Amino acid sequence: MKLGIVGLPNVGKSTLFNSLTNAGALAANYPFATIDPNVGIVTVPDARVKHLGEMYHSKKVTPAVIEFVDIAGLVKGASKGEGLGNQFLANIRECDAIVHVVRCFEDPNVIHVDGNINPLRDIETINLELIFADIEVIDKRIAKVGKAVRMDKTYAKEAALLEKLKKLLEDGKMVKSYETDDEDELALLKGYALLTSKPTIYAANVAEDDLANDGADNAGVQAVREFAKGENSEVFVICAEIEAEISELEEDDKKAFLDDLGLEESGLDKLIKASYSLLGLISYLTCGEDESRAWTITRGMKAPQAAGKIHTDFERGFIKAEVVSYEALVECGSMTAAKEKGLVRMEGKDYVVQDGDVVLFRFNV
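Residues numbered from 1 in each chain as written. Predicted model: local features only at pLDDT ≥ 70, side-chain atom pairs only at ≥ 80, totals over all residues. Heavy atoms only, no water.

## Description of the overall build of the protein chain
Here is step 1 of the chain: Secondary structure assignment for the protein chain yields 14 helices and 13 strands.
Here is step 2 of the chain: Taking all contacts inside the protein chain whose residues are at least 6 apart in sequence as the whole, residues at least 24 apart take part in 68%.
Here is step 3 of the chain: Total accessible area computed for the protein chain in this model is approximately 18500 Å², and 50% of it derives from carbon and sulfur atoms. (Helix = DSSP H or I, 4+ residues; strand = E, 2+ residues; numbered from the N terminus. Contact = heavy atoms within 4.5 Å. Areas by Shrake-Rupley, 256 points an atom, 1.4 Å probe, with all protein chains shown as cover.)

Structure below.
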């Protein structure tokens, strides 16, 4: 999973990126946790895979990971090349979702680029840049398809879709608001990789005082929540400065620090939950002496496709899957004991993998 972090200057975007990637940076399994200055890989906290590693004395424990991209250079006019312009926009196209950091705190020492704090105006500024960039992509595609349709009428459907999308964007709406069940249209939409089709998670960046009650008394946070509700986006409240402090602490100290603040989880934990929820993701587990590992898949995925996440041969030669729930396996203490109690099931090609399933795939190529 790849998430692009965006936001206007001085909203706390880079502070958040630095703290998230430092907090979850990997030392053992991914020695280059920071791939380049603005890309970081973070582990998904999952006590289940850690516990399986201990149960099986695994040589290696590999959690699921998220790649964060700190997308710099976004200012008003980015779609026309202002700031880092098109470089920024190209980075977003490769992401699965956008994490939009919105400033909801007052601080006279941190100047806002537009002079005052207005979260909805900031959201609109960035959304307009994404819309302008998408109109440019659509216009180029319309010109290309317009020529093709004169020679081949099979392009007529795409031409009609492009005109609908252009009208939508020119009305100031995001492509993700376009509703269709048509498989051909869905395939075309996926291929365009339009910026306004990306799911969005809003990170409402607040002062420390607003953190304990999750921004309930912050008018800016409430405005962002109302806006997000209208487009089925996720919102989580964060204090980038606090996250920076948390990222410097050892695991045991983190919990004590969060307790002192009256918090149950860090901003990174909130963001990961929001990401999984928004993108409809779950994790299944594999375990053994060599490695215990969490694999991220889309909710509703069937066993052969889930097996393909490990290796394409697993999907191609899929025979069956031995499945037991994580809870049942832990309670029994071993796969053998779980089998003796009849808790391990043999599932076929139509089985829909569930979150927390511990799976052994049988295949033949």
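Back to the text.
## Details of the side chain of N205
Here is step 1 of the chain: Take N205: it is sitting in strand β7 (residues 200-205).
Here is step 2 of the chain: Its relative accessible area of 4% is what places N205 among the buried residues.
Here is step 3 of the chain: Leave out the neighbours within four places in its chain, and N205 touches V11, G12, V101, V102, R103, C104, F105, I238, C239 and A240. (Buried < 20%, exposed > 50% of the residue type's maximum accessible area, 1.4 Å probe, protein only.)

## Observations regarding the nonpolar core
Here is step 1 of the chain: Among the nonpolar cores identified, the biggest contains 66 residues, and F68, V99, L165, V324 and V358 are the most heavily contacted of them.
Here is step 2 of the chain: Considering each element in turn, this core owes the most residues, seven residues, to helix α4 (residues 119-151).
Here is step 3 of the chain: Sequence-distant contacts of V358, that is, excluding residues within four places in its chain, are made with L52, L285, C287, E322, V323, V324, S325, Y326, L329 and M335.
Here is step 4 of the chain: Grouped together as the second largest cluster of nonpolar side chains are 17 residues, C104, A204, V224 and I246 included. (Core = buried A, V, L, I, M, F, W, Y, C linked by side-chain atoms within 4.5 Å.)

## A word on unusual backbone geometry
Negative phi characterises most residues that are not glycine, and trans characterises most peptide bonds.
Here is step 1 of the chain: We note that H57 has phi near 50°; this positive angle belongs to a residue other than glycine.
Here is step 2 of the chain: Take H57: it is sitting in the loop between α2 (47-55) and β4 (60-62).
Here is step 3 of the chain: H57 sits in the exposed class, given a relative accessible area of 66%.
Here is step 4 of the chain: With a phi angle near 60°, D214 is a residue other than glycine that sits in the positive phi range.
Here is step 5 of the chain: Inspection of the secondary structure assignment puts D214 in the loop between β7 and α7 (219-230).
Here is step 6 of the chain: Judged by relative accessible area, D214 falls into the partly exposed class, the value being 31%.

## Thoughts on the pattern of salt bridges
Here is step 1 of the chain: In total, this model carries 28 salt bridges according to the counting rule given.
Here is step 2 of the chain: K270 serves as the salt-bridge partner of D214, at 3.5 Å between the closest nitrogen and oxygen. Of this pair, D214 sits in the loop between β7 and α7 while K270 sits in helix α10 (residues 267-279), and the two are 56 residues apart along the sequence.
Here is step 3 of the chain: Judged by relative accessible area, K270 falls into the buried class, the value being 16%.
Here is step 4 of the chain: Note that K339 is salt-bridged to E322, the shortest N-O span being 3.3 Å. Placement of the pair is K339 in helix α14 (residues 335-340) and E322 in strand β11 (residues 318-325), with a sequence separation of 17 residues.
Here is step 5 of the chain: A relative accessible area of 43% means that K339 is categorised as partly exposed. (Salt bridge = Lys/Arg side-chain N within 4 Å of Asp/Glu carboxyl O.)

## Let's talk about the pairing of strand β10 (residues 291-298)
Here is step 1 of the chain: Summarising the sheet, β4 and β10 pair through three bridges and their orientation is parallel. In the strand pairing of β10, T62 is matched with R293.
Here is step 2 of the chain: Note: strand β9 (residues 281-286) against β10, six bridges, orientation antiparallel. Along β10, the bridge assignment pairs Y284 with W295. (Pairing = 2+ DSSP bridges.)

## What to know about the packing of aromatic side chains
Here is step 1 of the chain: For the structure on display, the rule yields four aromatic pairs.
Here is step 2 of the chain: Here the aromatic rings of Y202 and F227 are separated by 6.0 Å at their centres, their planes lie at 80°, and the arrangement is edge-to-face. Residue Y202 is found in strand β7, and its partner F227 is found in helix α7; the two are separated by 25 residues along the sequence.
Here is step 3 of the chain: Residue F227 is classed as partly exposed on the basis of its relative accessible area of 32%.
Here is step 4 of the chain: Put simply, the rings of Y284, F318 and F361 touch in pairs and so form one group of aromatic residues.
Here is step 5 of the chain: Looking at R293, its charged tip hangs above the ring of W295, at a distance of 4.1 Å from the centre. (Phe/Tyr/Trp six-rings, centres within 6.5 Å; stacked < 30°, edge-to-face > 60°. Lys NZ or Arg CZ within 6 Å of the ring centre and 35° of its normal.)

## Quick notes on the layout of surface pockets
Here is step 1 of the chain: A volume near 730 Å³ is recorded for the second largest pocket.
Here is step 2 of the chain: What lines the second largest pocket is a set of 28 residues, among which M1, K2, D96, L279 and L281 lie closest to the centre.
Here is step 3 of the chain: Counting residues per element, the ones that place at least two in the lining of the second largest pocket are β5 (65-70), α6 (183-192) and β10.
Here is step 4 of the chain: It is β10 that provides the largest number of residues to the lining of the second largest pocket, a total of five residues. (1 Å grid on protein atoms, 1.4 Å probe; cavity = no way out; pocket = protein on both sides within 12 Å on 5 of 7 lines; lining within 4 Å. Points joined across faces, edges and corners; volume = space filled by probe spheres on them.)

## A short note on α7
Here is step 1 of the chain: Here α7 is 12 residues long and its end C-alpha atoms lie 17 Å apart, about the 16 Å a rise of 1.5 Å per residue gives.
Here is step 2 of the chain: Among all positions of α7, only G220, V221, V224 and A228 are buried. Taken down its axis, α7 places every buried residue within 95° of arc, on the same side. For α7, the exposed residues lying more than 90 degrees away from the buried face are A219, E226, K229 and G230.
Here is step 3 of the chain: Residues of α7 that are buried make contact with β6 (97-103), α4, β7 and β8 (234-238).
Here is step 4 of the chain: Two residues or fewer after α7 comes N232, characterised by a positive phi angle close to 55°. (Expected span 1.5 Å × (residues − 1). Arc of directions from axis to C-beta.)

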